[in-house]
Amino acid sequence: MTKTFPPAPPVGTPMLPVRPSAEARQLLALRRSAGKQFIGEPGPSPEELDEILTIAARVPDHRKLSPWRFIVFEGEARAKFGKQLARIVGETKKDVESKDLIEAAGLPLRAPVMVAVISSPVDDGRTPVWEQELSAGAVCYNLLLAANASGFAGSWLSEWPAFDAQVANVLGLTGSERVAGFIYLGTSKVNPPERARADIGHIVTRWGE
Ligand SMILES: Cc1cc2nc3c(=O)[nH]c(=O)nc-3n(C[C@H](O)[C@H](O)[C@H](O)COP(=O)(O)O)c2cc1C
C-alpha cells in the first residue's frame, strides 16, 4: 500500500472547520461493502491496521468516554477463534452436522483481517447507553471508510457470533459490552455491483411543511 496517511498530528495542531474534497465526496457517494465471499489477500499489515484503527476511533463521542474498543484477529488467531466458534456450535446446536462445524470454524477465515468492534458503554450516570452504542456504530462505519481510503475493502457483519453469550465469553466481554460488528478487511476480488438505495423522497420530510 502507498502510505496514504501522515502520522497522526499531535494534539493542538490547528484544524480546519471543513475540508472540501471532491475525492472524499466521490468516496462517500460511491462506497460499497465488499461481498463477504470476495475478500482476499492482502489485508492491512499490523502497522497499516493501527493507522486505520486510529482514524476509525475518531468519531463523535458524547463526553469523550471512548465507549468502544477493538479486538483484532490476524493470522493464526482467526483459526483459533474459528475453533472456538465450532466448539460452541457443537455444544449448543441440536442435530449438529459436521458441515455446521466446518462453516463455524471458517467464519473468521473469510478475510485476512477481522476486527471485532466492541461497544463498551461507560456508566457515568448521565450519558445514555443508546448514545454510546450509536458512537460504536459510527466507529464501525468509520473503520470501513478508513480502510477503503487506505486501499482495503471491508464488510460489516454481525451474524450469530455477535449475539451469542458464549462467544462474548470467549471474547472477554464484560458488563454491558456487546459486539457492534465484525469488520472483515482485505482486498476485494471483484468490483461490487450497485444495490438498491433508499429513495430520498421517501425518507426525508421537512418538519412544518
Ligand atoms: C449492524 C450491521 C450488521 C450487519 N450484519 C450483516 C450480516 O450479518 N450479514 C450480511 O450479509 N450483511 C450484514 N450487514 C450488511 C452489510 O454490512 C452491508 O452493509 C450490505 O450488505 C451492503 O451494503 P453497502 O454496500 O452499502 O455497505 C450488516 C450491516 C450492519 C449495519
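Residues numbered from 1 in each chain as written. Predicted model: local features only at pLDDT ≥ 70, side-chain atom pairs only at ≥ 80, totals over all residues. Heavy atoms only, no water.

Caption draft 1: Layout of the environment of Lys189. Structurally, Lys189 is set in the loop between β5 (178–188) and α7 (200–203). Each C-alpha atom, one on Lys189 and one on Trp160, is 25 Å from the other, the two residues being 29 residues apart in sequence. Beyond its immediate chain neighbours, meaning those up to four positions away, Lys189 contacts Gln37, Phe38, Ile39 and Gly40. (Helix = DSSP H or I, 4+ residues; strand = E, 2+ residues; numbered from the N terminus. Contact = heavy atoms within 4.5 Å.)

Caption draft 2: Structural context of the side chain of Asp100. Within the element layout of this structure, Asp100 appears in helix α4 (residues 98–106). Polar contacts involving the side chain of Asp100 include one to the side chain of Lys93, which spans 3.3 Å. Reaching out from Asp100, the side chain makes a polar contact with the backbone nitrogen of Glu97 at a distance of 2.8 Å. (Polar contact = N/O pair within 3.5 Å; in protein donor to acceptor, adjacent residues only side chain to side chain.)

Caption draft 3: Spotlight on the site of the ligand. Arg31, Arg32, Ser33, Lys36, Trp156, Leu157, Ser158, Glu159, Arg195 and Arg197 make up every residue found near the ligand. Between an oxygen atom of the ligand and a side-chain N or O atom of Lys36, the distance comes to 3.0 Å. Arg195 is positioned with one of its side-chain polar atoms (N or O) 2.8 Å from an oxygen atom of the ligand. Relative to its free-state accessible area of 620 Å², the ligand is covered by the protein chains to the extent of 62%. (Near = heavy atom within 4 Å. Areas by Shrake-Rupley, 256 points an atom, 1.4 Å probe, with all protein chains shown as cover.)

Caption draft 4: Here's a closer look at the UniProt feature "binding site: FMN" (unreviewed entry) in the chain. Mapped onto this numbering, the UniProt entry annotates "binding site: FMN" (unreviewed entry) at Arg31, Arg32, Ser33, Arg58, His62, Trp156, Leu157 and Ser158. In terms of the greatest pairwise C-alpha distance, the residues named above, spread along 128 residues, do not form a single cluster, extending to 27.9 Å across. With respect to the helices and strands, the residue Arg31 is situated in the loop between α1 (22–30) and β1 (39–40). The contact partners of Arg31, leaving out residues within four places of it in the chain, are Tyr141, Leu145, Asn148 and Arg197. Along the chain, Ser33 turns up in the loop between α1 and β1. Residue class for Ser33 comes out partly exposed when judged on its relative accessible area of 24%. Not counting residues within four places of it along the chain, the set of residues in contact with Ser33 comprises Gly154, Ser155 and Pro192. Here Arg31 takes part through its side chain, which lies 3.4 Å from a polar atom of the side chain of Ser33. (UniProt positions renumbered as here; feature names shortened; annotations may be inferred. Buried < 20%, exposed > 50% of the residue type's maximum accessible area, 1.4 Å probe, protein only.)

Caption draft 5: Just helix α5 (residues 129–149), in detail. Counted at 1.5 Å a residue, the expected span for α5 with its 21 residues is 30 Å, and the 30 Å between its end C-alpha atoms agrees. Listed as buried for α5 are Gln132, Ser135, Ala136, Val139, Cys140, Asn142, Leu143, Leu144, Leu145, Ala146 and Ala147. The secondary structure elements touched by the buried residues of α5 are α1, α2 (46–56), β2 (68–74), β3 (113–119), β4 (153–157) and β5. Phi turns positive, to about 100°, at Gly151, one or two residues after α5. (Expected span 1.5 Å × (residues − 1).)

Caption draft 6: Representation of the packing of helix α3 (residues 76–92) against α4 within the structure. At a minimum axis separation of 7 Å, α3 and α4 run at an interaxial angle of 145°. By crossing handedness, the relation of α3 to α4 is classed as right-handed. In contact with Gly82, Leu85, Ala86, Val89 and Gly90 of α3, α4 contributes Asp100, Leu101, Ala104 and Ala105. Here the residues of the contact of α3 with α4 sort into six nonpolar, two polar and one charged. (Axes fitted to C-alpha atoms, helices over the stretch in contact; angles between N-to-C directions. Left-handed = near helix turned anticlockwise from the far one by under 90°. Nonpolar A, V, L, I, M, F, W, Y, C, P; charged D, E, K, R; others polar.)

Caption draft 7: Local environment of the packing of aromatic side chains. In the structure shown here, the tally under the stated rule is two aromatic pairs. The interplanar angle of 35° and the centroid separation of 4.6 Å between the aromatic rings of Phe73 and Phe81 together place this pair among those described as tilted. Phe73 sits in the buried class, given a relative accessible area of 6%. Relative accessible area serves as the criterion here: at 6%, Phe81 is assigned to the buried category. Considering the side-chain rings of Phe81 and Phe182, the 6.3 Å spacing of their centres and the 40° angle between planes classify their relative orientation as tilted. Here Phe81, found in helix α3, pairs with Phe182, found in strand β5; they are 101 residues apart in sequence, far enough to count as distant. Look at Phe182 and you get buried, because its relative accessible area is 2%. Put simply, the rings of Phe73, Phe81 and Phe182 touch in pairs and so form one group of aromatic residues. (Phe/Tyr/Trp six-rings, centres within 6.5 Å; stacked < 30°, edge-to-face > 60°.)

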